[in-house]
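These are the residues of each chain, in order.
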Amino acid sequence: MRKHMGKKRMISLLLAVVMAAAILAGCGAQNGSNEKAENDGKISISMYMWDRSMFKELSPWLEEKFPDIEFTFVQSYNTMDYYKDLLARGEEMPDIITCRRFSLNDAASLADQLMDLSKSEAAGTFYNSYLEVNRETGGAIRWLPMCAEVDCIMANKDLFDQYNISLPTNYSEFLTAIDAFEEVGIKGFQTDWYYDYTCLETMQGCAIPELMNLEGTSWRMDYESETEENQVGLDDTVWPEVFEKYEQFLKDVRFQPGDEELQFTETTEPFLQGKTAMIRSTAAMADGIREENDINCVILPYFGETSEDNWVLTYPMCQLAVSKK
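Counting of residues starts from 1 at the beginning of each chain's written sequence and follows it residue by residue. In keeping with the predicted nature of the model, local features appear solely for residues at pLDDT of at least 70, side-chain atom pairs appear and are counted solely at 80 or more, and the whole-chain, interface and lining totals rest on all residues. Hydrogens and water molecules were not included; the side-chain quantities draw on all heavy atoms of the structure.

Caption draft 1: Broad picture of helix H7 (residues 171-183). Under the 1.5 Å per step criterion, the end-to-end length of H7 is 19 Å for 13 residues, consistent within 8% with the ideal 18 Å. Only protein chains enter the accessibility calculation, which uses a 1.4 Å probe. A residue is then buried if its area is under 20% of the maximum for its type, exposed if over 50%, and partly exposed in between. Each helix is a run of DSSP H or I of at least 4 residues and each strand a run of E of at least 2, with the numbering of both proceeding from the N terminus. If you check which residues of H7 are buried, you get Phe174, Ala177, Ile178 and Phe181. Looking straight down H7, one finds that the buried residues subtend no more than 100° of arc, so they occupy a single side. Looking at the packing, one finds that the buried side of H7 touches strand E5 (148-156), helix H6 (157-162), strand E6 (187-189), helix H11 (239-252) and strand E7 (276-282). Here H7 starts with a cap whose side-chain oxygen sits 3.2 Å from the backbone nitrogen of serine 172, and that cap is asparagine 170. Glycine 185 sits one or two residues past H7 and shows a positive phi near 85°. Any helix carries an expected span of 1.5 Å times its number of residues minus one. In this description, one arc is meant: the one made by directions from the helix axis to the C-beta atoms. Two residues qualify as a contact provided that any one of their heavy atoms is within 4.5 Å of a heavy atom in the partner residue. For this analysis, a polar contact is any N or O atom pair within 3.5 Å, provided that within protein one partner can donate a hydrogen and the other can accept it, and provided that sequence-adjacent residues contribute only side-chain to side-chain pairs.

Caption draft 2: Just the environment of aspartate 222, in detail. Among the secondary structure elements, aspartate 222 is positioned in helix H10 (residues 214-224). Note on aspartate 222: relative accessible area 44%, which makes it partly exposed. Residues aspartate 222 and glycine 233 lie 11 residues apart in sequence; the distance between their C-alpha atoms is 9.5 Å.

Caption draft 3: Structural context of the pattern of salt bridges. In the sections that follow, a salt bridge refers to a side-chain nitrogen of Lys or Arg positioned within 4 Å of a carboxyl oxygen of Asp or Glu. For the structure on display, the rule yields 15 salt bridges. Glutamate 91 serves as the salt-bridge partner of arginine 89, at 2.9 Å between the closest nitrogen and oxygen. On the accessibility criterion, arginine 89 (52% relative accessible area) is exposed. Of the charged contacts, one joins glutamate 182 and arginine 254 as a salt bridge, the two residues approaching to 3.9 Å between their closest N and O atoms. With glutamate 182 in helix H7 and arginine 254 in the loop between H11 and helix H12 (264-272), this residue pair connects regions lying 72 residues apart in the sequence. Shared partners join several salt bridges into a network, and the residues in it are Asp179, Glu182, Lys187 and Arg254.

Caption draft 4: Highlighting the confidence of the model for the protein. By definition, pLDDT measures how confident the predictor is in each residue, and it falls between 0 and 100. Of all residues in the protein, 87% attain a pLDDT of 70 or more, and the chain-wide mean is 85. Note on residues 1-6: pLDDT under 50 across the span, and 21 contacts to partners over four residues away in sequence or across chains. Counted against residues more than four places away or in other chains, residues 27-39, with its pLDDT under 50, gives 14 contacts.

Following this line, the structure appears as structure tokens:
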């Protein structure tokens with residue numbers, strides 16, 4: 001729950017990781033293990049990207065930044081199973097791999113194939129709280145988070161100004177704003193409940209105190225480190241309170257039967273048309289809407305009782321690792 005990592009830090013991370021990989025690949029070429037590098041004088045690096053959207057700007061940027069490296073960019077999938085299957089077929093791990101969301105436990109079987117980056121220059125650019133999430137029990141860190149996304153509530157400030165409604169600074173004011181918009185025929189808050197990530201992120205946003213206190217932190221640590229022999233489910237200490245708060249939140253934002261079928265377009269279009277004042281979204285989307293639709297979007301936190309209790313959720317757009325070989 002920290003300030004998100006900006007583009008500059010993402011670039012610094014890629015520079016450090018690619019340079020390190022290039023040095024190692026160059027050493028391999030000098031030992032005759034990289035025929036392609038010997039043939040054309042370039043160092044070859046394979047980079048697997050979890051989503052095709054990464055290709056648009058990242059691929060040409062890397063090729064321009066590193067003219068002495070011959071990149072092979074491959075679209076992979078957003079799952080650890082892809083790389084596990086790769087190894088099961090006897091294929092080599094790519095030099096640099098990315099994956100969006102996974103648990104550390106899920107990635108444990110790949111540990112022997114990946115470099116320990118805990119003492120690298122790249123790791124030194126991160127907040128400790130981000131690194132600790134990926135630290136293994138032995139101290140190794142094999143995955144580094146790339147440019148983070150900020151998950152939040154997005155508000156159409158033009159609507160707030162038009163109807164002279166104040167932007168909320170706490171949960172009570174958030175509900176007051178919803179009521180004020182409903183009175184003039186505008187949906188106060190709506191979102192794409194159809195998607196599991198929307199439900200999970202709004203639920204977390206409503207219950208940050210419960211998930212961050214001693215009991216909540218202990219449960220999260222146990223869950224992240226579970227094994228096949230020691231499965232961790234929802235407990236009867238943290239989760240009843242979380243679900244109780246989430247139930248109240250759904251009532252407060254006027255969730256109606258059928259809303260669980262609302263998808264992205266069905267909630268975004270009314271927001272763009274000025275028919276909905278607030279939706280769950282991301283900081284990146286707010287920037288995009290400001291530029292493309294000329295709507296003055298602002299990001300709001302998940303609200304606590306006072307302005308000192310507010311939170312935004314942050315999570316990496318993807319994680320990056322380097323092959324040990």
